[in-house]
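Residues per chain, in single letters:
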Amino acid sequence: MLKSIIEKALNKQIELEASSSQFYLSMASWTESQGLNGTSSFLYQHSDEERMHMLKLVKFINERGGTAVIPALIKPPTTFKSITHVFECLLEHEINVTESINNIVGLCLEEKDFTTHNFMQWYVAEQLEEEALARTTIDKLNMIGEDKGGLYLFDRDLKVASSNPE
Ligand code: FEO
């Protein structure tokens, strides 16, 4: 049986994963409207992955005898200053997600809930990858700067990456 303090923390994480999915959906739509179709495919896919992160938590809470709460969604921003700004927002958001996951892991240890602690390790590893990917992407965009040809190739690479997910 899930302790209520853990259940509450996991439900908060559901909300954060759902808001990530919604935020990245908005980024996908904006980049699509800018003609960056590869970037938008990548972000649509990323949005779907966040929904999957949310669903994993919903199922885990319910399987452990708790009650998953499906949250209302907050409207994300609809425009961004630039493609670099999109990925800066994404990185900032992922850093918050990592902090939240680390807090849950700490709470699991305090409460001696080793089952949830074990379950959360998947999220710990995922965050490491997601933050690294966001940082590499920002580095690439900074390297490209105002070079339109570079941006074209960047967008094409993301198209390839999103049609061959790992
Ligand atoms: Fe599910 Fe990107 O955090």
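This text follows the structure it describes.
Note that residues are indexed from 1 along each chain, following the sequence as it is written. The predicted nature of this model means local features are confined to residues of pLDDT at least 70 and side-chain atom pairs, given and counted, to a pLDDT of 80 or more, with totals for whole chains, interfaces and linings taken over all residues. Here the side-chain values reflect all heavy atoms present in the structure, with hydrogen atoms and water set aside.

Brief notes about the environment of K3
In this structure, K3 sits in the segment before helix 1 (4-33). Measuring from C-alpha to C-alpha, the distance between K3 and R64 comes to 9.6 Å, with 61 residues separating the pair along the chain. Each helix is a run of H or I in the DSSP string that is no shorter than four residues. Each strand is a run of E no shorter than two, and both are numbered from the N terminus.

Quick look at the packing of helix 2 (residues 37-63) against helix 4 (residues 114-144)
Note on geometry: axes are C-alpha line fits, over the in-contact stretch for helices, and angles between N-to-C directions span 0 to 180 degrees. Closest axis-to-axis distance for the helix 2/helix 4 pair is 12 Å, and the angle between their directions is 170°. Comparing their axes, helix 4 and helix 2 come out roughly antiparallel. Where helix 2 abuts helix 4, its residues F42, H46, E49, E50, M52, H53, K56, L57 and F60 lie against T115, T116, F119, W122, Y123, E126, E130 and L133. Of the residues in the contact of helix 2 with helix 4, the class split is eight nonpolar, four polar and five charged. For classification purposes, an angle smaller than 35 degrees is called roughly parallel, one larger than 145 roughly antiparallel, one from 65 to 115 roughly perpendicular, and anything else oblique. In what follows, a contact means two residues having at least one pair of non-hydrogen atoms within 4.5 Å. Asp, Glu, Lys and Arg are counted as charged, while Ala, Val, Leu, Ile, Met, Phe, Trp, Tyr, Cys and Pro are counted as nonpolar; the rest, among them Gly, fall into the polar class.

Thoughts on the pattern of salt bridges
For salt bridges, the criterion is a side-chain nitrogen of Lys or Arg within 4 Å of an Asp or Glu carboxyl oxygen. According to the stated counting rule, one finds three salt bridges in the structure shown. For D113, the salt bridge is made with R64, and the minimal N-O distance between the two is 3.6 Å. Taken together, the residues span a long stretch of sequence, with D113 in the loop between helix 3 (83-110) and helix 4 and R64 in the loop between helix 2 and helix 3 at a distance of 49 residues. With respect to class, D113 is no different from R64; both count as buried. With a shortest N-O distance of 3.0 Å, E131 and R135 are connected by a salt bridge. Taken together, the residues E131 and R135, both in helix 4 and four residues apart, mark about one turn of the helix. The buried label applies to any residue whose accessible area, calculated with a 1.4 Å probe on protein chains only, is under 20% of its type's maximum; exposed applies above 50%, and partly exposed to all values in between.

What about the packing of helix 2 against helix 5 (residues 148-163)?
Where helix 2 meets helix 5, the axes come as close as 6 Å, and the angle between the chain directions of the two elements is 35°. With respect to the hand of their crossing, helix 2 and helix 5 are arranged in left-handed fashion. Facing N37, G38, T39, S41, F42 and Q45 of helix 2, the residues of helix 5 in contact are F154, D155, L158, K159 and S162. In terms of residue class, the contact of helix 2 with helix 5 is made up of three nonpolar, six polar and two charged. Handedness of a helix crossing follows the sense of rotation of the near helix relative to the far helix, less than a right angle counterclockwise being left-handed and clockwise being right-handed.

Thoughts on the packing of aromatic side chains
Two rings from Phe, Tyr or Trp (for Trp, the six-membered ring) form a pair when their centres sit within 6.5 Å of each other. Planes less than 30 degrees apart are called stacked, planes more than 60 degrees apart edge-to-face, and all others tilted. This model, assessed by the stated rule, comprises eight aromatic pairs. Geometrically, the ring pair formed by W30 and F80 is edge-to-face, given 5.7 Å between the ring centres and 65° between the ring planes. With W30 in helix 1 and F80 in the loop between helix 2 and helix 3, this residue pair connects regions lying 50 residues apart in the sequence. W30 sits in the buried class, given a relative accessible area of 11%. Here F87 and F154 contribute two aromatic rings whose centre-to-centre distance is 6.3 Å and whose plane-to-plane angle is 85°, an arrangement assigned as edge-to-face. Here F154 lies in helix 5 and F87 lies in helix 3, a separation of 67 residues in the sequence. Relative accessible area serves as the criterion here: at 6%, F154 is assigned to the buried category. Grouping aromatic residues by their ring pairs yields a cluster made of F23, Y24, W30 and F80. Taking NZ or CZ as reference, K56 lies 4.3 Å from the ring centre of W122, over its face. Both a distance and an angle decide whether a charge sits over a ring: NZ of Lys or CZ of Arg must be within 6 Å of the ring centre and within 35 degrees of the ring normal.

Here's the deal with helix 3
One less than the number of residues in a helix, times 1.5 Å, gives the span that helix is expected to have. With 28 residues, helix 3 ought to run about 40 Å at 1.5 Å a step, and its terminal C-alpha atoms sit 41 Å apart, in line with that. The positive-phi residue at the C-terminal boundary of helix 3 is K112, with phi of around 55°.

Overview of unusual backbone geometry
The backbone phi angle of K112 is positive, close to 55°, even though this residue is not glycine. Positionally, K112 belongs in the loop between helix 3 and helix 4.

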